[in-house]
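Coordinate analysis (summary)
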Amino acid sequence: AVLQRPGNCTAHRSKCLLFLVENVQRNIFDHRCIENELWSRNIKVIRRRLTDVYERGSLDEKKHLYVDGYEVAVAYFRTGYMPQDYNERGWEARLMMERSMAVKCPDIATQLVGTKKVQQELSRPHILEKFLPDFPGAVARIRETFAGLYSLDIGEEGDQTVKVALANPEQYVLKPQREGGDKTLGNKIAAVAKFCHMVRNTSERTSYILMDKIKPKPVRNCLLKANGQLQISECISELGIFGVYVRQGGEMVLNERVGHLLRTKATEHADGGVAAGVAVLDNPYLV
């Protein structure tokens, strides 16, 4: 249903921002915070599933996207990041949106850049230089942030990666070719060895890359859980930097840092999701 606000939903085919959502949203309050900010600026917001776009969406002759009579100015994806988010209708809806004039957040190219395979290819020698030919210092600084990333493609290189993983599984993690990491194989040593042994001679292995395990230095810290218990644990943290990037065709319009997120978890946990109840939100203290 369209989120109604007094005086905001009266015009036929008025422009709006479209939230692409799942049937059940775990981060609904995160969604609503963004929605409320948009509504406070008199920006219309509608929430639809991919199947809704397929059933009730259309493109006009100028490739403007319409859903339920609203022209979609921005399609904001809060779903569509994992293969199971799509069925045949979902893929058709995604294709319709990608063909449209609506701003996609993200568009399919930007989403694919987030895959581990692209990161692995960028880590190869002489690749970054193609994108930053006049900035060797920047190339060197970027390369210093890379962990080892190894292809599992069919062929001699991938075969060698499988051998290395089986010989020293404790040194590596498996990462799937999609955004968001992995919730099943992750850092589990036995799972890395077992998986590589099972798929070493099949094309299924190309769905993953192998990555050096990052081993940050743990520190003792206090974790405050949702049930109110305070726990002293050996912890490690992960700092993420938020950025805003806007382009029009090949022209960059905006590229700025806008914030950060620090997640802290006990070292006993392999995964580190806040929503999964493993990690906690934290504040950095710079010294």
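What counts, and at which threshold
Residues numbered from 1 in each chain as written. Predicted model: local features only at pLDDT ≥ 70, side-chain atom pairs only at ≥ 80, totals over all residues. Heavy atoms only, no water. Domains from an automatic or database assignment. Buried < 20%, exposed > 50% of the residue type's maximum accessible area, 1.4 Å probe, protein only. Helix = DSSP H or I, 4+ residues; strand = E, 2+ residues; numbered from the N terminus. Pairing = 2+ DSSP bridges. Axes fitted to C-alpha atoms, helices over the stretch in contact; angles between N-to-C directions. Contact = heavy atoms within 4.5 Å. Expected span 1.5 Å × (residues − 1). Arc of directions from axis to C-beta. Polar contact = N/O pair within 3.5 Å; in protein donor to acceptor, adjacent residues only side chain to side chain.

Before going further, it helps to spend a moment on the domain arrangement of the protein. One can read the domain layout of the protein as domain 1 (15-107), domain 2 (117-212) and domain 3 (219-282). Taken over C-alpha atoms, the centre of domain 2 sits 23 Å from the centre of domain 3.

Before going further, it helps to examine the pairing of strand 9 (residues 208-212). Of all the five residues making up strand 9, four are buried; the element is thus mostly covered by neighbouring parts of the structure. By the bridge criterion, three bridges tie strand 7 (residues 149-151) to strand 9 in an arrangement that is antiparallel. Along strand 9, the bridge assignment pairs Leu149 with Met211. Note: strand 8 (residues 172-176) against strand 9, five bridges, orientation antiparallel. Across the sheet, Pro176 pairs through a bridge with Tyr208, a residue of strand 9.

Strand order in the open sheet formed by three strands is 7-9-8, with antiparallel pairing between adjacent strands. Each of the sheet's edge strands pairs with one partner strand only, and the pair in question is strand 7 and strand 8. Each strand axis lies, on average, 35° off the axis of its neighbour in the sheet, ignoring direction. On top of the sheet, helix 8 (residues 156-167) reaches strand 7, strand 8 and strand 9; it is set at about 125° to strand 7, its chief contact.

Looking now at helix 1 (residues 28-40). For an α-helix, 3.6 residues make a turn, and residues three or four places apart therefore share a direction. Along its 13 residues, helix 1 runs 18 Å from first to last C-alpha, staying within 8% of the 18 Å computed at 1.5 Å per residue. Along helix 1, the positions that sit buried rather than exposed are His31, Glu35, Leu38 and Trp39. Down the axis of helix 1, the sector holding all buried residues measures 95°, keeping them to one side. Facing away from the buried side of helix 1 by more than 90 degrees, the exposed set consists of Phe29, Cys33 and Ser40. In this fold, the buried residues of helix 1 make contact with strand 1 (15-20) and strand 2 (45-48). Among the residues trailing helix 1, Asn42 stands out with phi positive, at a value near 65°.

The terminal C-alpha atoms of helix 3 (residues 88-99) lie 17 Å apart, and with twelve residues this matches the ideal 16 Å at 1.5 Å per residue to within 8%. Those residues of helix 3 that fall on the buried side of the exposure criterion are Gly90, Ala93, Arg94, Met96 and Met97. Looking straight down helix 3, one finds that the buried residues subtend no more than 160° of arc, so they occupy a single side. Across helix 3 from its buried face, at more than 90 degrees, point the exposed residues Glu88 and Arg99. Capping the start of helix 3 is the job of one residue whose side-chain oxygen sits 3.1 Å from the backbone nitrogen of Arg89: Asn87.

This part takes up the sheet that holds strand 12 (residues 251-266). Strands sit in the order 10-11-12-13 across an open sheet of four strands; the sheet is antiparallel. Of all the strands in the sheet, the pair left with one neighbour each is strand 10 (219-224) and strand 13 (280-282). Sheet twist, expressed as the average angle between the axes of neighbouring strands with direction ignored, equals 50°.

Before going further, it helps to spend a moment on the side chain of Arg47. The topology assignment puts Arg47 in strand 2. Judged by its relative accessible area of 13%, Arg47 is buried. Within the local environment of Arg47, its side chain forms a polar contact with the side chain of His31, the two groups lying 3.4 Å apart. Engagement of the side chain of Arg47 in a polar contact is seen with the side chain of Glu35, the distance being 2.6 Å.

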